[in-house]
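Architecture at a glance
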There are 2 protein chains.
Amino acid sequence: MRETSNHELNPNVSVDNVILGFDDDEIKVLLIERQPAGSSNGSLALPGNLIYDDETLDQAAKRVLMELTGISDIYLQQFHTFGDPGRITKKQDIEWLKAVRAHPEARVITVAYFSLIRIDEYEPTPSAFAKNAIWVPVDEVKSLVFDHNEILNKALVDVQQKLYHQPIAFKLLPEKFTLAQLQRVYEIILQTELDKRNFRRKILKTGFVLPLDEKQQGVAHKPATLYMFDQSKFNGGLQVSHF
Amino acid sequence: MRETSNHELNPNVSVDNVILGFDDDEIKVLLIERQPAGSSNGSLALPGNLIYDDETLDQAAKRVLMELTGISDIYLQQFHTFGDPGRITKKQDIEWLKAVRAHPEARVITVAYFSLIRIDEYEPTPSAFAKNAIWVPVDEVKSLVFDHNEILNKALVDVQQKLYHQPIAFKLLPEKFTLAQLQRVYEIILQTELDKRNFRRKILKTGFVLPLDEKQQGVAHKPATLYMFDQSKFNGGLQVSHF
């Protein structure tokens, strides 16, 4: 509870954040372990919580992420709102709500956000009711709290659809990257293997991936050329090129 | 108020519907005139209202559209949730809420849906607090209630972005259409003129627009060939063609 009457938690509306990163050839999602832990299996969750009545949804998403994981200064994009009246049915979830919320029985609609970040640029530090904050490869995510598996899956489908008209892939890569790394990001998001020659030909034809006069350093194999993404060529470029 | 305790309006969550149609070379939006009318100018609004606590968001969107306009059996797609604490500031809106709502001071988050339909297939009939239900060309929309101008504009931007990877354009056209009609839909959504020869060449190259062995009937000019959209060629087709 805070000082002014406007600054109260809204019992009916929450935000949840799907933070995705690319690391060691894998796409990972940032999860928190909820405190109090419900069982010996642990209770993994997306970082989310109720909104305050005097903040916007975007502000709430940023604040909650910051409070639970210490991560700030990233761009969070709203992607879907989940409001099934049966969102909260697991015994463990209901008990957790009774322990921490003023209105544990209230129906909660959650507005979900996602972000794509470079894992090595952020160091999550758990706080508030997050006992732990960890990166988990999306392929290895097991049962999450509430409907958080559904929220994560929807985020991944959305990222897949956005891959073609937003510069999604480059948010996950370092500033300078190889075409093999770029192809790997596309393959993971699209869940399919791509032909190397075709991929290189088409991605270079777009004009927004530019070769640098630089090669990889400190690799055992033959160093590959580094590339960078040119935002100014992407804006409208991919779209206008259709017609 | 209804019979069961679960079946109550949630004071904090509403749905709003942006129904777009194509007619006479224009994109139009379905608006309702609110009753009681707030001023002599009328109060035009998107068809929306609070949700019940025992229905999903999708169900609420369908129900509200049906109750206000009589339109049912259309696919409504959720596209964004609007939750600025300052969404409701106009004097006229506040007075209207006091007249019709049990908790007029409650902060309302609204989940917005859109749909693209063929105008000639639906006949809106106003009811509930809709005194009128009318199609208004989007270019001619003036001040709407609450933040409904913002919601409409966001829907139009979303439709623009989806045009390239979803079969948006064909939802607005009759089953059999001319390439001139198709081009007009693209031009309106993209807010730009397209080169006729380029457009035809590229759209036919996609493979999902097929010529029929039929021509326009009853036109004064030379009748144009009719085409149809082949959904089976679109699925994945536009996307996979990138790589």
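For the structure itself, look to the data block above.
The text that follows walks through the structure, step by step, so that each part is easy to find. Values in this document were obtained by computation on a predicted structure and should not be read as measured data.

Attention now moves to the packing of aromatic side chains. All names here are of chain A. Tallying each qualifying case throughout the model produces 18 aromatic pairs over all chains. Between the aromatic rings of Phe-79 and Phe-114, the centroid separation amounts to 5.8 Å while the plane-to-plane angle is 65 degrees, which identifies the pairing as edge-to-face. Highlighted residues: Phe-79 in strand S5 (residues 77-82) and Phe-114 in strand S6 (residues 109-118), separated in sequence by 35 residues. Here Phe-79 falls in the buried class, since its relative accessible area comes to 8%. Owing to a relative accessible area of 3%, Phe-114 belongs among the buried residues under this scheme.

Formed by 58 residues in total, the largest nonpolar core has its most connected members in Val15(A), Ile19(A), Val15(B) and Ile19(B). Every residue in contact with Ile19(B), bar those within four places of it in the chain, is listed here: Lys28(B), Val29(B), Leu30(B), Leu65(B), Ile74(B), Leu76(B), Ser115(B), Ile117(B) and Trp135(B).

So, about the pattern of salt bridges. Here the structure, examined in full by the defined rule, presents 28 salt bridges over all chains. Across the pair Asp23(B) and Lys28(B) runs a salt bridge whose closest N-O atoms are separated by 3.4 Å. The partner of Glu67(B) in a salt bridge is Arg63(B), with the nearest N and O atoms 3.2 Å apart. In this pair, Glu67(B) and Arg63(B) both sit in helix H1 (residues 57-69), four residues apart, roughly one turn of the helix. Among the residues examined, Glu67(B) registers a relative accessible area of 30% and is labelled partly exposed. Three or more residues joined by partner-sharing salt bridges are found here, namely Glu55(A), Arg63(A) and Glu67(A).

Below, the discussion takes up the pairing of S5(A). Residue and element names in this part refer to chain A. For S5, the tally of buried residues reaches six of six residues, placing the bulk of the element in the interior. In this sheet, S6 lies alongside S5 in antiparallel orientation, the contact comprising five bridges. Its bridge partner being in S6, Gln-78 is matched across the sheet by Tyr-113.

Reading the values: rules and limits
- Residues numbered from 1 in each chain as written.
- Chains lettered and ligands numbered in written order.
- Predicted model: local features only at pLDDT ≥ 70, side-chain atom pairs only at ≥ 80, totals over all residues.
- Heavy atoms only, no water.
- Phe/Tyr/Trp six-rings, centres within 6.5 Å; stacked < 30°, edge-to-face > 60°.
- Helix = DSSP H or I, 4+ residues; strand = E, 2+ residues; numbered from the N terminus.
- Buried < 20%, exposed > 50% of the residue type's maximum accessible area, 1.4 Å probe, protein only.
- Core = buried A, V, L, I, M, F, W, Y, C linked by side-chain atoms within 4.5 Å.
- Contact = heavy atoms within 4.5 Å.
- Salt bridge = Lys/Arg side-chain N within 4 Å of Asp/Glu carboxyl O.
- Pairing = 2+ DSSP bridges.

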